[in-house]
Amino acid sequence: MSAPSVVIAGCGDVGSRLASQLLAAGWEVHGLRRNISRLPEGVIGIAGDLFKKDCPDTWPIGGVDYLVYCAAATDHDEAGYRKAYVEGLQHVLEWLGDYGQQPKQLLFVSSSSVYGQQNGEWVDETSPTQAVGYSGQVMLEAEQVAFNSGIPATAVRLTGIYGPGREWLLSQVRQGYRVAVEPPLYGNRIHVDDAAGLLAFLLRHVEQGGSLDKVYIGVDDAPAPLAEVVGWLREYLGVTEWAEDASVRRAGSKQCSNTRAKALGWTPIYPSYREGYAAILKG
């Protein structure tokens with residue numbers, strides 16, 4: 001029996017970590033990105049640009065069992081988001097069609113920005129999507145492209161990804177970052193290894209004969225007020241001073257739930273910010 005094959009379109013940080021996990025499980029992994037020299041060893045490179053309509057010369061000609069669309073916007077404006085998430089996905093679907101490939105499952109990596117709740121509410125996959133900004137609105141548009149593709153499709157709405165190389169908050173805390181305590185400003189986060197792990201878990205679940213819901217939220221077990229996270233990091237890092245010009249964030253917030261993914265059997269390696277940031281700081 002041949003190994004399952006997957007194309008990871010937009011094989012950057014999360015995609016590369018996913019690729020490594022699938023390679024370790026014996027999968028055949030194709031990774032599409034502009035610079036394939038940065039792909040993990042063992043990944044079959046597809047040198048291509050999601051923003052261009054022309055199919056890459058190295059697109060696999062055989063069967064593609066799974067597609068993971070894991071792009072990142074280059075330009076952080078509405079046009080840049082639409083180019084990366086809507087048009088890029090449309091291009092990949094066209095390339096699959098050109099080769100007569102019909103994957104068993106499409107995972108579209110989306111964002112919790114599709115939820116516009118602002119008053120600390122708990123949010124799950126059944127909550128109304130009320131995106132207030134262009135990022136969430138474009139993500140919803142891209143999700144519909146996936147759902148209308150004719151391929152069984154699931155949107156994985158990731159929350160704030162942190163991990164090695166994603167250390168903005170640590171930098172801010174070291175500089176005396178201050179945030180509002182009341183009302184509590186909840187942060188939703190997922191360690192980058194858990195983001196990749198959730199995607200791998202969902203793919204393996206389908207490969208083993210299971211089925212998926214249309215939407216999963218990727219978040220750790222413990223959304224927490226940002227002031228609590230900053231306080232814990234200050235103590236862990238031994239920061240005692242506040243910067244004179246410390247930022248004070250006063251935006252609305254929500255609390256995202258991972259109940260659906262956990263009910264399927266997924267468990268995060270880093271269930272809260274404490275384990276995740278401790279792992280980063282220990283190197």
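Residues numbered from 1 in each chain as written. Predicted model: local features only at pLDDT ≥ 70, side-chain atom pairs only at ≥ 80, totals over all residues. Heavy atoms only, no water.

Remarks on the overall build of the protein chain
Link 1 in the chain: Helices and strands together make up the secondary structure of the protein chain, namely eight helices and 13 strands.
Link 2 in the chain: Expressed as lengths along the three principal axes of its C-alpha atoms, the size of the protein chain is roughly 60 × 40 × 35 Å.
Link 3 in the chain: Put simply, of all contacts in the protein chain between residues at least 6 apart along the chain, 76% involve residues at least 24 apart.
Link 4 in the chain: Looking at the protein chain as shown, the accessible area adds up to about 12800 Å², and 48% of this sits on carbon and sulfur atoms.
Link 5 in the chain: The protein chain carries 24 positive and 32 negative side-chain charges, and their two centres are separated by 2 Å. (Helix = DSSP H or I, 4+ residues; strand = E, 2+ residues; numbered from the N terminus. Contact = heavy atoms within 4.5 Å. Areas by Shrake-Rupley, 256 points an atom, 1.4 Å probe, with all protein chains shown as cover. Lys, Arg positive; Asp, Glu negative; His and termini not counted. Charge placed at Lys NZ, Arg CZ, Asp CG, Glu CD.)

Topic: helix α1 (residues 13-24)
Link 1 in the chain: Look at α1: 17 Å from first C-alpha to last across twelve residues, which is about the 16 Å you get at 1.5 Å a residue.
Link 2 in the chain: Every buried residue belonging to α1 is among Val-14, Gly-15, Ser-16, Leu-18, Ala-19 and Leu-22, and all of these are buried.
Link 3 in the chain: Along its buried surface, α1 packs onto β1 (5-9), β2 (28-33), β4 (66-69), β8 (160-162) and α5 (192-207).
Link 4 in the chain: Looking at the residues trailing α1, positive phi occurs at Gly-26, about 90 degrees. (Expected span 1.5 Å × (residues − 1). Buried < 20%, exposed > 50% of the residue type's maximum accessible area, 1.4 Å probe, protein only.)

Some thoughts on the packing of aromatic side chains
Link 1 in the chain: In total, this model carries nine aromatic pairs according to the counting rule given.
Link 2 in the chain: Between the aromatic rings of Trp-27 and Tyr-66, the centroid separation amounts to 5.2 Å while the plane-to-plane angle is 40 degrees, which identifies the pairing as tilted. You can see Trp-27 sitting in the loop between α1 and β2 and its partner Tyr-66 sitting in strand β4, a full 39 residues away along the chain. The residues Trp-27 and Tyr-66 share a single accessibility class, namely buried.
Link 3 in the chain: Following the ring pairs from residue to residue traces out a cluster consisting of Tyr-81, Tyr-85 and Tyr-134.
Link 4 in the chain: The side chain of Lys-214 reaches across the aromatic face of Phe-147, ending 4.3 Å from its centre. (Phe/Tyr/Trp six-rings, centres within 6.5 Å; stacked < 30°, edge-to-face > 60°. Lys NZ or Arg CZ within 6 Å of the ring centre and 35° of its normal.)

Concerning the sheet that holds strand β3 (residues 44-47)
Link 1 in the chain: Read across the open sheet, the seven strands follow the order β3-β2-β1-β4-β5-β7-β11; overall the sheet is parallel. Since the sheet does not close on itself, it has two edges, and those belong to β3 and β11 (215-218), each with one partner. Mean inter-strand twist for the sheet, computed between neighbouring axes without regard to direction, equals 20 degrees.
Link 2 in the chain: Note: β4 against strand β5 (residues 105-111), four bridges, orientation parallel. From the neighbouring strand, Tyr-69 faces β5, where its bridge partner is Phe-108.
Link 3 in the chain: Its contacts with the sheet place helix α2 (residues 78-98) against β1, β2, β4 and β5, and it is angled at close to 160 degrees to β4.
Link 4 in the chain: Strand contacts of α5: β1, β4, β5, β7 (153-158) and β11, with the helix running at about 155 degrees to β5, the strand carrying the most contacts. (Pairing = 2+ DSSP bridges. Axes fitted to C-alpha atoms, helices over the stretch in contact; angles between N-to-C directions.)

As for the pattern of salt bridges
Link 1 in the chain: This model, assessed by the stated rule, comprises 13 salt bridges.
Link 2 in the chain: Salt-bridge contacts for Glu-78 lead to Arg-82; the nearest nitrogen and oxygen are separated by 3.4 Å. In this pair, Glu-78 and Arg-82 are both assigned in helix α2, four residues apart and thus about one turn of the helix distant.
Link 3 in the chain: Residue Glu-125 is joined to Arg-260 by a salt bridge in which the shortest nitrogen-to-oxygen separation is 4.0 Å. With Glu-125 in the loop between β6 (119-123) and α3 (134-147) and Arg-260 in helix α7 (residues 259-264), this residue pair connects regions lying 135 residues apart in the sequence.
Link 4 in the chain: On the basis of relative accessibility, which here comes to 25%, the residue Arg-260 falls in the partly exposed class.
Link 5 in the chain: The network of salt bridges with shared partners includes Asp-13, Arg-17, Arg-166 and Asp-193. (Salt bridge = Lys/Arg side-chain N within 4 Å of Asp/Glu carboxyl O.)

Any functional reading would require information that these geometric values do not contain.
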